[in-house]
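Below are the chains, spelled out letter by letter.
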Amino acid sequence: MSIWPQLRRSRTVRAGHATGRVLRCGLMDTMLADLAVSVVLCFDRPLDEDRLAAGLARALERVPVFAGRLRTVEGVLEAVCDDAGVPFESYTVEGTLAEAMGRATAAGSELVAPLDAPAARAGGVPLLTVRVTRTADGGTVVGCSWHHAVGDLNSFMLLLRSWSAAVEGEPLPEAELVDDQDELLDRILPAEDCGRPGFRLPSEAEAELLARELATGPLANRLVQIAFTDAELTRMSEEFGATVGRRLSSGDVLCAHLVSTLRELDGDDAERMLTVPVNARRWLGLPPALVGNLLSEVHVPHRPEDGPAALAGALRTAVEEFPTAHLNLRANLWFLASLGRSRLRDCVPLGFDPAARRFSFSNWSGFGVYTVTFQGQHPVFFSPAANYPIPWVCWTVEGYRGEGRLATVVLPARLAARVRGAQGRAALHRFRRAEDQPPAAAGVLPKVV
């Protein structure tokens, strides 16, 4: 019996008409043009693939850039809304939904058709792929991979909510495309920001090390998924908040606890930097329906001797002071423009610094993915798929059936093994009590910590 998906049907989904609209990709979009993002949504019921395809076609009318193609004109990357379409594949697998969910983050799991971002940058390649896999026990996995140049997670969620509404026969939500993102930012950004770009130009020697890190990543690193219950998060918030004398968010405390514990397990007592991406739409007064890459970040130093509560407090301060102390989009534009578009591929984000063990923590919770409905069914599981095997990168989402939090973190293989062992589990779950119900994910995801 094979656990690997078998192709049943392949088609291309289109809106049915091309707007012909051309979006000038900004400098930050172009910086991301070699990256794709892949996710899976899992449902414990069968879904009608024809209805899904028809709904996606309607959603692409609202967010046509996902059905378009990239091109470069006089050195400028553009997204053309030409309705070239989205590959939509239907598969079956003889394994169960639980087995499929357990493989979601594994390289080569085939639950997603990974987008070839560099090829798409060159033109003629789709900017979104969809793969629907039906499991032997009646479950459905919807795997999506999209090109980062056309949008961040917020942008993908605009498409996903439009897709859901179309399938359910409901009014589609608003989605707003930007003709020229750099022009928009230049018009709305304050004249001065923190002045610290979120990118750097590595030396030739460091560029070689980074290239080697990317090449060896699949062999040297492992993805580990860690499930935290709501009760654990509440206890963290209460203890850390009492220590620093202020209210902390669940994201603050989870990030601080996770980073501090992983460093403890790694025996790392050096001062390090932590990078946390921030959706800048709200801070800039922009509508949440804006499609594109509108991320800034906060950078927080961390010393292990200060403890996780101090780190959680520093994160809360950084977020509260974000517009004045951390907003750096104008600094980013200045830095990238000074390099010129031809050299953008040589740049790297500050958060990508494996040699310095700079941890990058992305909080994907709160985007409403578990409220999405296809044919009356909410997803029972949402997760990043096998994205980038770069160490010290973490994504957190709501856990199985929307309960608690699920952290997906990339770690060096030895540390990953330690995290999965008894010592790692005890340290990560020191806020769990014997009387607690185990996280719902523990019953269906055998490899979750």
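Residues numbered from 1 in each chain as written. Predicted model: local features only at pLDDT ≥ 70, side-chain atom pairs only at ≥ 80, totals over all residues. Heavy atoms only, no water.

**Q** Sorry, what's going on with the sheet that holds strand β4 (residues 69–73) here?
**A** The strands that make up a sheet are held in pairs by hydrogen bonds between backbone atoms, and each pair lies either parallel or antiparallel. Strand order in the open sheet formed by three strands is β2-β5-β4, and the pairing between neighbours is antiparallel. This sheet does not close on itself; its edge strands, each paired only once, are β2 (22–24) and β4. Each strand axis lies, on average, 35° off the axis of its neighbour in the sheet, ignoring direction. Note that β2 and strand β5 (residues 76–80) share three bridges and pair antiparallel. Within β5, the residue paired with Leu 23 across the bridge is Ala 79. (Pairing = 2+ DSSP bridges. Helix = DSSP H or I, 4+ residues; strand = E, 2+ residues; numbered from the N terminus. Axes fitted to C-alpha atoms, helices over the stretch in contact; angles between N-to-C directions.)

**Q** Sorry if this is basic, but what is going on with the packing of aromatic side chains here?
**A** Aromatic ring pairs are described here by two measures, namely the spacing of the ring centres and the angle between the planes. For the coordinates displayed, the defined rule picks out seven aromatic pairs. Ring geometry for Trp 163 versus Phe 374: centroids 5.0 Å apart, planes at 55°, classification tilted. You can see Trp 163 sitting in helix α5 (residues 153–168) and its partner Phe 374 sitting in the loop between β14 (359–363) and β15 (381–384), a full 211 residues away along the chain. Each residue in the set Phe 43, Trp 163 and Phe 374 is aromatic and connected to the rest through ring pairs, giving one cluster. (Phe/Tyr/Trp six-rings, centres within 6.5 Å; stacked < 30°, edge-to-face > 60°.)

**Q** For this particular structure, what's the right way to read helix α9 (residues 250–266)?
**A** Residues three or four positions apart in an α-helix share a direction because the helix packs 3.6 residues into each turn. Taking 1.5 Å of rise per residue, the 17 residues of α9 would be expected to cover 24 Å, and the 24 Å separating its terminal C-alpha atoms lies within 8% of that figure. Downstream of α9 by one or two residues, Gly 267 has phi in the positive range, about 65°. (Expected span 1.5 Å × (residues − 1).)

**Q** Just to check I follow, could you spell out helix α2 (residues 49–62) for this structure?
**A** Compared with an ideal rise of 1.5 Å per residue, which puts 14 residues at 20 Å, α2 spans 20 Å between its outermost C-alpha atoms and is within 8% of the ideal. Among all positions in α2, only Glu 49, Leu 52, Ala 53, Gly 55, Leu 56, Ala 57, Ala 59 and Leu 60 are buried. Of the surrounding secondary structure, the elements contacted by the buried residues of α2 are β1 (6–13), β6 (86–92), β7 (128–134) and α5. Backbone nitrogen of Asp 50 and a side-chain oxygen of the N-cap are separated by 2.9 Å at the start of α2; the cap is Asp 48. (Buried < 20%, exposed > 50% of the residue type's maximum accessible area, 1.4 Å probe, protein only. Contact = heavy atoms within 4.5 Å. Polar contact = N/O pair within 3.5 Å; in protein donor to acceptor, adjacent residues only side chain to side chain.)

**Q** Hey, could you run me through the sheet that holds β1 in this one?
**A** Here we have six strands laid out as an open sheet, ordered β1-β6-β7-β8-β3-β15, and mixed in their pairing. Because the sheet does not close on itself, it has two edges, and the strands there are β1 and β15. Taken pair by pair, the neighbouring strands of this sheet meet at an average axis angle of 15°, ignoring direction. Bridging between strand β3 (residues 36–43) and β15 involves four bridges; their strand directions are antiparallel. For Leu 41, the partnering residue across the bridge sits in β15 and is Phe 382.

**Q** Teacher, can you tell me more about the pairing of strand β16 (residues 393–398) here?
**A** Working note: regular strand, side chains alternate between the two faces of the sheet. Burial analysis of β16 places six of its six residues in the buried class, which makes it a mostly covered element. Both β14 and β16 contribute to a ladder of four bridges, which runs parallel. Bridge pairing in β16 places Ser 360 opposite Val 393. Bridge analysis of β16 against strand β17 (residues 405–412) gives six bridges, and the strand direction is antiparallel.

**Q** Help me out: how do you make sense of the pattern of salt bridges in this one?
**A** Once the charged atoms of two side chains with opposite charge are near each other, the side chains can pair. In the structure shown here, the tally under the stated rule is 30 salt bridges. The shortest N-O distance in the salt bridge between Arg 330 and Asp 186 comes to 2.9 Å. Placement of the pair is Arg 330 in helix α13 (residues 329–339) and Asp 186 in helix α6 (residues 181–188), with a sequence separation of 144 residues. Of the charged contacts, one joins Asp 346 and Arg 343 as a salt bridge, the two residues approaching to 4.0 Å between their closest N and O atoms. Counted as one network, the salt bridges with shared partners bring together Arg 263, Asp 266, Asp 268, Arg 272 and Arg 357. (Salt bridge = Lys/Arg side-chain N within 4 Å of Asp/Glu carboxyl O.)

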